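# Observations on chain architecture
The primary structure of each chain is shown beneath.
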Amino acid sequence: MHTINKITLGMALAGSVSTFSVLPQIANAQENSPALEEVTVTARKRVESLQDVAVSVTAVTTQLQNAAVKNIQDLNNFAPNVNIDFGPASGSGATISIRGISHQDPDKSMEAPVGVILDGVFMGTTAGQMMDSFDLERIEVLRGPQGTLFGKNTTGGALNVIRSKPTKDFGAKVHIGAGDFGLLETKAIVNTPLSEAGGLKLSLNRSQTDGYWKNTTTGKDAGAVDYQQLGAAVAFDISESFDIQLSYDRINDDSERGAFANFNADDSLACIASLAGLDPSGPAFGSGCMSLDEGSDEDHVSTNGNNEASTQDDLLNLTMNWSLGDWVLTSVTGYQDREEEYSHEFDSSQVRLLTVTGGHEYSQLSQELRINGQFNERTNLTAGIYYFESDVRQHQDSFDMWYYIFAGTPLGALPLGDISANLDSTVTNEASAVFASLDYQLTDDLSLNLGGRYTWEEKTFAGGSGAWDSQILGPSIIPAGPIRNIKDDWQEFSPRIALQYNAAEDVMLFASYADGFKSGGIFARTQDVNAITSFDPEYVDTYEAGVKSEVLDRRVRLNATAFLTDYTDKQEEILVPEAGGQVNTIVRNAGDVEISGLEIEMQAVITSNLNLYMMAGLLDTEYKEFFADITGDGVSTDNTYLQLRNTPDKTLGAGFDYYRDVGFGEFSVNYNYRWSDEYESEFFNDPRGHVDSMGMHNVSMNLAVDDKYKISLWGRNLTNERYARLVRIGPLSQMGQYNAPRTYGVQFTADF
């Protein structure tokens, strides 16, 4: 374990040097020089200045309009100790790690420890979280437990995503873009008034690419994107004290779910089948082995089909605000209905071993009613009640592997691909909570925050071991097992206490303690239904101390936070082999983890034409206790040697925005760089899933004319850094999902 004192000192020095290296330029600037604009956030569910909030939060605003910024994964470039990636085999799913707390399995019966909140509505599944940056007004990256105000499943933190609202004036904004790999983008927002007090906003987001990979088996491109989102929002000021906004979005996403490179080990069934000639479809000798497959690498895949999918997603949001003197009563109602169909090539090679098809039906309804206001000049209260319910129905069929597993039996004589095993399950979730956060001004410079949330939650599962069907012999050649019903419930209290001290006019110190939990549950995607048991919540206790400051006439903003986290009853989702050649996912409350670290952020106005920003994060993570069976052999072992997934020890970032008047318009450059330390992408720390340290550069160069038109040239991952995330399906197969290569393009923007 590293020494946190050394980490803290080193980071503090690095932050000091990085910050103050620009100070001579600032000090010599003209007298009436520009200053940093105030950034407001709603991290505590009321509008406040970023510098006045005793919360570790990064607010990303204007950077979202940079042509090289495409989706929420780009938050990696602006927030320390944040690592966001695409979830493998997940429709627009995100794998989000904040301060070493992350989640990977896309199954909708599992919930992530980092919450994503869209316009005040908590998203109950990771699917769809990799949102496009277009039409986003602000994203607040909240680090550390946010259970008091945002509820369960925010032990790592939360992304508070705020879209633009109807302006109630005539206006339009249009983006048209093109790039390599067949990229075509059409995005538009149109605003129009409906009356003196109301307005309508219509939006379109259409994106297509051919995919970043070539399939050497089929000769086709792989990883194609075909995404469309249509939206409408209506806002009205019903009276001086009452306003309402209703929004609806329809998403149709026919994008492929990535492309799987061949990472099959030499002892995997996929490899052995290609070496021994067991696959009657006749794949090339050794093509099932990572070590021998010449058709698979960072730019190519060799699967006998692409990962096809189709998703339809409907989202509805109703927000109402009533002003009641010194108080504001707010109601936020959210509804989502999502349907998915997919076909995944989990054998990651020419070998026909494991194709999985299926579909999900997911719906959620949430309601929050909260009040915010002042009792007096010293006391502010935010309090409310919350209700959430969700329902997910899952069906899947797995093909091909049964030909090998049933070899030597009468069923083994059936053709490859004839037998499929199906799996059906339903999981429901119902939760309710009451919460309150009280701020009390102890003195003119010292204030106290006390918060708490009490949550009641119940989950149910209904499912049985699936049947085996044959296209020749008919359905249920092996009957399905009996339906099993499981129900469990939990009650949890999430407290927070913080002290905030104004040490000087633009210097604020804070210290806090917060507790959060990630929901218990019942994992649904397993054939061995009889082995299913519910798992308990996991808990996080976090201690923070930080400083927020603005110096040199508000031309430099420097914020830093040190933290210590105790992570107990950590849930681990693990793929383990079962009897009969099957592989199942199990979830166990297996580990206790200690996490400590430091975060530094700096923004500076160097001149009236140049803004600079930097960030740095350090993490020290260690399993303190992890004694469990993680291989499925029934033997518990000490596993504290493992490293947490998706957790680089160090992250560094820097960038600038440069503007210059060129007479007929304005030329600008937006650049950012992010360096990430090495980390593991796979639970068992398999070397194939090791991600080396790397730095990525992104840039856009823009020419704006008449404040209405802008053309941008952009490039991402300019040095073409590549890495892969590993997924192991026990001894059957293993796959790698590579990141996008270097890409570039052009974008035209009209803003009226």
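What you are looking at is a predicted structure, and each value in this text was computed from that prediction instead of being measured.

## Some remarks on the packing of aromatic side chains
Inspection of the entire model under this criterion finds 20 aromatic pairs. Ring geometry for Tyr 709 versus Phe 748: centroids 6.4 Å apart, planes at 15 degrees, classification stacked. In this pair, Tyr 709 is assigned in strand 39 (residues 709–716) and Phe 748 in strand 42 (residues 743–751), connecting sequence segments 39 residues apart. Every member of this aromatic cluster is reached through a ring pair, and the members are Tyr 623, Phe 626, Phe 683 and Phe 684. Taking the ring centre of Phe 150 as reference, the NZ or CZ of Lys 45 above it sits at 5.0 Å. Between Lys 70 and the ring centre of Trp 714, over which it is positioned, the NZ or CZ distance is 4.2 Å.

## Brief notes about the state of the cysteines
For the structure on display, the rule yields one disulfide. Here Cys 271 is linked by a disulfide to Cys 289, with a sulfur-sulfur distance of 1.9 Å. Across the S-S bond linking Cys 271 and Cys 289, the dihedral sits near 85 degrees, which makes this disulfide right-handed. Taken together, the residues Cys 271 in helix 4 (residues 269–275) and Cys 289 in the loop between helix 4 and strand 18 (300–301) connect sequence positions 18 residues apart. Note on accessibility: Cys 271 and Cys 289 belong to one class, buried.

## Quick look at the environment of Tyr 658
Considering the arrangement of structural elements, one finds Tyr 658 in strand 34 (residues 650–661). As a C-alpha pair, Tyr 658 and Ser 608 span 50 residues in sequence and 9.2 Å in three-dimensional space. With near-sequence residues (within four places) excluded, Tyr 658 lies in contact with Asn 609, Leu 610, Phe 667, Ser 668 and Val 669. Polar contacts involving the side chain of Tyr 658 include one to the side chain of Arg 660, which spans 3.5 Å.

## Some thoughts on the sheet that holds strand 41 (residues 733–738)
Strand order in the open sheet formed by three strands is 17-41-40, and the pairing between neighbours is antiparallel. One side of each edge strand has no neighbouring strand; the edge strands of this open sheet are strand 17 (261–262) and strand 40 (724–729).

Thresholds, definitions, all that
Residues numbered from 1 in each chain as written. Predicted model: local features only at pLDDT ≥ 70, side-chain atom pairs only at ≥ 80, totals over all residues. Heavy atoms only, no water. Phe/Tyr/Trp six-rings, centres within 6.5 Å; stacked < 30°, edge-to-face > 60°. Helix = DSSP H or I, 4+ residues; strand = E, 2+ residues; numbered from the N terminus. Lys NZ or Arg CZ within 6 Å of the ring centre and 35° of its normal. Disulfide = S-S within 2.5 Å. Buried < 20%, exposed > 50% of the residue type's maximum accessible area, 1.4 Å probe, protein only. Contact = heavy atoms within 4.5 Å. Polar contact = N/O pair within 3.5 Å; in protein donor to acceptor, adjacent residues only side chain to side chain. Pairing = 2+ DSSP bridges.

By themselves, these figures tell us nothing about what the structure is for.
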